[in-house]
Amino acid sequence: MTVYTPRRAARVLLVDAADRVLLFAGTDPARPGHAYWFTPGGGLDPGEGPAEGAARELAEETGLRLTAAELGAPVWSETVEFPFDGVWYRQEQEFFLVRVPAWEVDTAGFNDIERASVTGHRWWSVAELTATTERYYPPDLPARLARALAAHRPTADGGAAC
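Caption draft 1: Examining the pattern of salt bridges more closely. On inspection of all chains with the given rule, the structure shows 11 salt bridges. Among the ionic pairs, R20 bridges to D16, the shortest N-O distance being 2.5 Å. R20 sits in the partly exposed class, given a relative accessible area of 32%. Judged by its relative accessible area of 4%, D16 is buried. Note that D19 is salt-bridged to R99, the shortest N-O span being 2.9 Å. Taken together, the residues span a long stretch of sequence, with D19 in the loop between β1 (5-15) and β2 (21-28) and R99 in strand β6 (residues 87-99) at a distance of 80 residues. Using a relative accessible area of 27% as the deciding quantity, one classes R99 as partly exposed.

Caption draft 2: Representation of the environment of D85 in the model. Residue position: D85 is located in the loop between β5 (76-84) and β6. For D85, a relative accessible area of 40% puts it in the partly exposed group. Linking D85 and L145, residues 60 residues apart in sequence, is a C-alpha distance of 27 Å. Excluding its chain neighbours within four sequence positions, the residues that come into contact with D85 are D28, P29, A30 and I113.

Cut-offs used in this document
- Residues numbered from 1 in each chain as written.
- Predicted model: local features only at pLDDT ≥ 70, side-chain atom pairs only at ≥ 80, totals over all residues.
- Heavy atoms only, no water.
- Salt bridge = Lys/Arg side-chain N within 4 Å of Asp/Glu carboxyl O.
- Buried < 20%, exposed > 50% of the residue type's maximum accessible area, 1.4 Å probe, protein only.
- Helix = DSSP H or I, 4+ residues; strand = E, 2+ residues; numbered from the N terminus.
- Contact = heavy atoms within 4.5 Å.

Worth remembering: the numbers are spatial, not functional.
As structure tokens, then:
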């Protein structure tokens, strides 16, 4: 029987002006051949809300500093089960959509495990995600991203039409 460690997390769909989402390339230290792409974000600190955690993680992992209020409401939530570094997690996570004209990713805020397990980053379009044979999480990311982009189109004044 698998024993799961409960975890709450917040993740960010950081999307540029070309509707491409930022993903990090990573590996599981306990499974070196298990390479995958994933969104910025991570576990919440004790007492931290999802928007606060998403803003903190975004700053640490990309250098982009936003307030929790600037993130708005989550665009979806889910519960996932996965192993990482020999531990099985049951993670409740919320995803926030953040649009930027462009962003130069700064990973100086990575912690030790991120420095050891993240091997790079790139911006992906929905079409590229759909066409690739590379692994990414969540596995339904292209469909989820397409729905979030359609529901939150930028308006002429720079806001989002929801």
